[in-house]
Amino acid sequence: QVQLIESGGGLVQAGGSLTLSCTDSARAFNYGVGAWFRQAPGTKREFVSAIDWNGSRKYFTDFAEGRFTISRDGANMYLQMNNLKPEDTAVYYCAAKENWAVVKESSTYDFWGQGTQVTVSS
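Going along each chain's sequence as written, the residues are numbered from 1 onward. Local features in this predicted model are restricted to residues of pLDDT 70 or higher, and side-chain atom pairs are both shown and tallied only at a pLDDT of 80 or more, whereas totals for entire chains, interfaces and linings draw on every residue. In computing side-chain properties, one takes all heavy atoms of the structure into account and sets aside hydrogens as well as water.

J.: Could you give an account of the overall build of the protein, with specific residues and numbers?
T.: Along the backbone of the protein there are zero helices and 11 strands. Each helix is a run of DSSP H or I of at least 4 residues and each strand a run of E of at least 2, with the numbering of both proceeding from the N terminus. Overall, the protein shows an N-to-C arrangement of helices and strands of β-β-β-β-β-β-β-β-β-β-β. With the radius of gyration taken over C-alpha atoms, the globule rule is written as 2.2 Å times the number of residues to the power 0.38. For the protein, whose C-alpha radius of gyration is 13 Å, the value lies close to the compact-globule estimate of 14 Å for 122 residues. If one aligns the C-alpha atoms of the protein with their principal axes, the spans along those axes are about 40 × 25 × 25 Å. Per-residue accessibility, obtained with a 1.4 Å probe over protein chains only, is compared with the maximum for each type, and a residue is labelled buried under 20%, exposed over 50%, and partly exposed between these values. Each of the 122 residues in the protein was classed as buried or not, and the buried ones make up 43%. Sequence separation of 24 or more characterises 58% of the internal contacts of the protein that already satisfy a separation of 6 or more. This count recognises Lys and Arg as positive and Asp and Glu as negative, with His and chain-terminal groups excluded. Charge coordinates come from a single atom per side chain, which is NZ of Lys, CZ of Arg, CG of Asp or CD of Glu. Looking at charge distribution, the protein has the averaged site of its 11 positive side-chain charges lying 2 Å from that of its 12 negative ones. Between two residues, a contact is recorded if the distance between any of their heavy atoms is within 4.5 Å.

J.: Explain the packing of aromatic side chains to me, and be specific about the residues and the numbers.
T.: By convention, a stacked pair of Phe, Tyr or Trp rings (six-membered ring in the case of Trp) has centres within 6.5 Å and planes under 30 degrees apart, an edge-to-face pair has planes over 60 apart, and any other such pair is tilted. Overall, the coordinates contain seven aromatic pairs when judged by the stated rule. Geometrically, the ring pair formed by Tyr31 and Phe111 is tilted, given 5.6 Å between the ring centres and 45° between the ring planes. Within this pair, whereas Tyr31 is found in the loop between strand E3 (18-24) and strand E4 (33-39), its partner Phe111 is found in strand E10 (residues 111-112), the two being separated by 80 residues in sequence. Between Phe37 and Tyr109, the ring centres sit 5.3 Å apart and the planes meet at 80°, which makes this aromatic pair edge-to-face.

J.: Give me the lowdown on the state of the cysteines, citing residues and values where you can.
T.: Cysteine sulfurs are considered disulfide-paired once they come within 2.5 Å of each other. In the structure shown here, the tally under the stated rule is one disulfide. Residue pairing for Cys22: its cysteine sulfur links by disulfide to Cys94, the two sulfurs lying 2.1 Å apart. Since a negative S-S torsion denotes a left-handed disulfide, the Cys22-Cys94 link at about 55° is right-handed. Of this pair, Cys22 sits in strand E3 while Cys94 sits in strand E9 (residues 90-97), and the two are 72 residues apart along the sequence. Accessibility expressed as a relative area gives 0% for Cys94, which makes it buried.

J.: Could you give me a rundown of the nonpolar core, with the residues and numbers involved?
T.: Buried Ala, Val, Leu, Ile, Met, Phe, Trp, Tyr and Cys residues form a nonpolar core when they are joined through side-chain atoms within 4.5 Å. In this structure, Trp36, Phe68, Met77, Leu79, Met81 and Tyr92 are the most contacted members of the largest nonpolar core, which totals 24 residues. Of all the secondary structure elements, the ones that give two or more residues to this core are E3, strand E5 (46-52), strand E7 (68-72), strand E8 (77-81), E9 and strand E11 (116-121). Those residues in contact with Tyr92, other than ones at most four positions away along the chain, are Glu6, Leu20, Phe37, Arg38, Val48, Phe68, Leu79, Met81, Gly115, Thr116 and Val118. Ranked by size, the runner-up nonpolar core spans eight residues in total, among them Val33, Ala35, Phe47 and Tyr109.

J.: Outline the pairing of strand E1 (residues 4-7), supporting the account with residue identities and numerical values.
T.: Note on strand geometry: in a regular strand, side chains alternate between the two faces of the sheet. By the alternation rule, side chains of E1 split into Leu4 and Glu6, which are all buried, and Ile5 and Ser7, of which none is buried. When DSSP finds at least two bridges between two strands, those strands are taken to pair. Here E1 runs beside E3; their pairing, made up of four bridges, is antiparallel. Across the sheet, Ser7 pairs through a bridge with Ser21, a residue of E3.

J.: Now, about the pairing of E3: what can you tell me, with residues and values included?
T.: Burial analysis of E3 places six of its seven residues in the buried class, which makes it a mostly covered element. By the bridge criterion, five bridges tie E3 to E8 in an arrangement that is antiparallel. Within E8, the position partnered with Cys22 by the bridge is Met77.

Here you go:
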């Protein structure tokens, strides 16, 4: 069973930056599509961003556009988050699957990480 592993979460002040990383148990990230989701307490898991296998296609949700950057190499997928706001506080999850269709839908992803906490203080 493939297990994805996130890292890089933490506590940051509003306006600060964090970079999240995701790899798998083999220290590789060779999936067709990688994505980031997040879930705040009492809310549904929501889509943040996705990237295809070679980085030629990227998709961001509205709140991430212009502040977050997604990238990947053969070993990791990254989410660089700038100008963080208290409302960005959530557990961030990485996910992976093979095809680009319906990238915003969490149910279409085959592999998930355990999540990493991001807390933004005001």
